Amino acid sequence: MGQPRLFCFGLGYTARVLAAALMGEGWTVAGTCRDEAARADLAADGIDAFLFDRDRPLDDAGAALGGATHLLSSVPPDAEGDPVLARHAGAMAAMKGLAWAGYLSSTGVYGDTGGAAVDESAAVNPTSEHGRRRAGAEKGWLDLWRAAGVPVHVFRLSGIYGPGRSALDAVRAGRARRIDKPGHLFARIHVDDIAAVLRASMARPGPGAVYNVCDDEPAPAADVVAFACELLGVDAPPRVPFHQAAKEMSPMALSFWRDNRRVDNSRIKGELGVRLKFPDYRAGLRAVLAAEE
Ligand SMILES: NC(=O)c1ccc[n+]([C@@H]2O[C@H](COP(=O)([O-])OP(=O)(O)OC[C@H]3O[C@@H](n4cnc5c(N)ncnc54)[C@H](OP(=O)(O)O)[C@@H]3O)[C@@H](O)[C@H]2O)c1
């Protein structure tokens, strides 16, 4: 492989953390965003950014993708499906010299298991329209790259947090709530650990592999808020029973609270040798606070 180059459809929160880590090791990075301000910001960081969305496909996708050795998509599906596949499947399939492709998905594709454990062999059984679109996008990405003979990987992410995006922000902004739903646990993952999983996969491609990406300790959302309050030295908000909080929730938020499952993360450890830097939310939030201060 020549000079390693990553192309990211969607240079958002996670992709930018990955990009920074790789650029620190001499990689070049290119990718897409949706507005001029973001493009200027990315260019200032040395990233070749192109504007892309469903209504504004890349002008010359072959040139933009040219030279990429690794390709990642973090663009979520919209109501019509996956916008990247819809617009650029042909140009991607024609790429030469691609060693690795990755798609950032969500553990939401598993739906509700009533709290039972799910590893990557579990059935995909989404309960929401959003989850069904996500499952369709996963399949599209796996099919495209399998047909092109490129090792493709799907990463099913749990709730992403890190500097600038955590329960600490919600507490600081006064919008944190301690919603009580006994027995309901959520999985989460620090953004640095996602980047570590992606890099481990690039170092050890496994064609067609699907990986759950979450930490070791699924926990009630209310406990995370209480810990964030403790770190910030403020009183925790009162507990609100779920049935009461649900009356004001968006359909998207309600669908998160409908699905209860325990996501198993053994494969990222066993197959990829990943050692999580932040195995639980306490370690992660302490690090986030330190980084923000
Ligand atoms: N947040 C979570 O807790 C969570 C959990 C599981 C899975 N995920 C999924 O994991 C992936 C990475 O998450 P993230 O938080 O790093 O994402 P993010 O910060 O929202 O970044 C997503 C990127 O995709 C771009 N994008 C979004 N919709 C697009 C569209 N319709 N057409 C073209 N570009 C579009 C965004 O552009 P702009 O910068 O212009 O917005 C951004 O660059 C996403 O697919 C997300 O849905 C997230």
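Residues numbered from 1 in each chain as written. Predicted model: local features only at pLDDT ≥ 70, side-chain atom pairs only at ≥ 80, totals over all residues. Heavy atoms only, no water.

Q: Could you give me a rundown of helix H8 (residues 221-232), with the residues and numbers involved?
A: Between its first and last C-alpha atoms H8 spans 17 Å; for twelve residues at 1.5 Å apiece the expected length is 16 Å, and the two agree. When H8 is considered as a whole, its buried residues turn out to be Ala222, Val224, Val225, Phe227, Ala228 and Cys229. The elements touched by buried residues of H8 are helix H6 (167-172), strand E9 (178-180), strand E10 (188-190), strand E12 (239-241) and helix H12 (281-292). Directly after H8, the chain includes Gly233, whose backbone phi takes a positive value near 70°. (Helix = DSSP H or I, 4+ residues; strand = E, 2+ residues; numbered from the N terminus. Expected span 1.5 Å × (residues − 1). Buried < 20%, exposed > 50% of the residue type's maximum accessible area, 1.4 Å probe, protein only. Contact = heavy atoms within 4.5 Å.)

Q: Explain the packing of helix H4 (residues 83-93) against helix H5 (residues 129-148) to me, and be specific about the residues and the numbers.
A: For the pair H4 and H5, the least separation of the axes is 11 Å and the interaxial angle reads 10°. As the angle between them shows, H4 and H5 are arranged roughly parallel. Contacts from Val84, Leu85, Ala89, Met92 and Ala93 of H4 reach H5 at Ala137, Gly140, Trp141, Leu144, Trp145 and Ala148. (Axes fitted to C-alpha atoms, helices over the stretch in contact; angles between N-to-C directions. Parallel < 35°, antiparallel > 145°, perpendicular 65-115°, else oblique.)

Q: Just give me the short version of helix H1 (residues 13-23), but keep the residues and values in it.
A: Turning to H1, its buried residues number three or more, namely Thr14, Ala15, Leu18, Ala19 and Leu22. Projection of H1 onto a plane perpendicular to its axis shows the buried side chains occupying an angular sector of 135°, all on one side. The secondary structure elements touched by the buried residues of H1 are strand E1 (5-9), strand E2 (28-33), strand E4 (70-73), strand E5 (100-106), strand E8 (159-161) and helix H7 (191-203). (Arc of directions from axis to C-beta.)

Q: Give me the lowdown on the side chain of Arg5, citing residues and values where you can.
A: Its place among the elements puts Arg5 in strand E1. We classify Arg5 as buried; its relative accessible area is 16%. In this structure Arg5 touches Trp27, Thr28, Ala30, Asp48, Gly66, Gly67, Ala68, Thr69 and His70, once residues within four positions along its chain are discounted.

Q: Help me get a handle on the pairing of E2, residues and values and all.
A: Within E2, five of the six residues are buried, leaving the element largely enclosed by the surrounding structure. By the bridge criterion, four bridges tie E2 to strand E3 (residues 48-51) in an arrangement that is parallel. Among the inter-strand pairings, Gly31 is bridged to a residue of E3, identified as Ala49. Handedness of the crossover joining E2 and E3 through helix H2 (residues 36-44) is recorded here as right-handed. (Pairing = 2+ DSSP bridges. Right-handed = clockwise from strand over helix to strand, strands pointing away.)

Q: Quick rundown of the site of the ligand? Include the residues and the values.
A: As a structural note, the neighbourhood of the ligand is formed by 20 residues, with Tyr13, Thr14, Arg34, Arg134 and Arg165 the closest of them. Take Tyr13: an N or O atom from its main chain is 2.8 Å from an oxygen atom of the ligand. A distance of 2.7 Å separates an oxygen atom of the ligand from a polar side-chain atom of Arg165. With the chains in place, 75% of the 900 Å² that the ligand exposes on its own is no longer accessible. Elements represented by at least two residues in the shell around the ligand include exactly H1, E5 and E8. For the shell around the ligand, the element with the most residues is E5, which contributes three residues. (Near = heavy atom within 4 Å. Polar contact = N/O pair within 3.5 Å; in protein donor to acceptor, adjacent residues only side chain to side chain. Areas by Shrake-Rupley, 256 points an atom, 1.4 Å probe, with all protein chains shown as cover.)

Q: Describe the sheet that holds strand E7 (residues 152-157), listing the residues and the values that go with them.
A: Pairing is parallel in the open sheet, where seven strands are placed in the order E3-E2-E1-E4-E5-E7-E11. Where the open sheet ends on each side, the last strands, each with one partner, are E3 and strand E11 (209-213). On average, each strand axis in the sheet is tilted by 20° relative to the strand beside it, whichever way the strands run. By the bridge criterion, four bridges tie E1 to E4 in an arrangement that is parallel. Within the sheet, the bridge partner assigned to Phe9 lies in E4 and is Ser73. In the packing of H1 onto the sheet, the strands contacted are E1, E2, E4 and E5, and the crossing angle to E1 comes to about 170°. This element, H5, spans E4, E5 and E7 of the sheet and lies at about 170° to E5.

Q: Before we move on, can you summarise the nonpolar core with the specific residues and values?
A: If you look at the biggest cluster of nonpolar residues, it comprises 33 residues, and the most contacted ones within it are Leu6, Leu18, Leu72, Phe155, Leu198 and Val213. Mapped onto this core, the elements with two or more residues apiece are E1, H1, E2, E3, E5, E7, H7 and E11. A per-element tally of this core places H7 first, with six residues. Setting aside its immediate chain neighbours within four residues, Val213 contacts Phe155, Arg156, Leu157, Ser158, Ile189, Ile194 and Val197. (Core = buried A, V, L, I, M, F, W, Y, C linked by side-chain atoms within 4.5 Å.)

It is worth stressing that arrangement in space is one thing and function is another; only the former is reported here.
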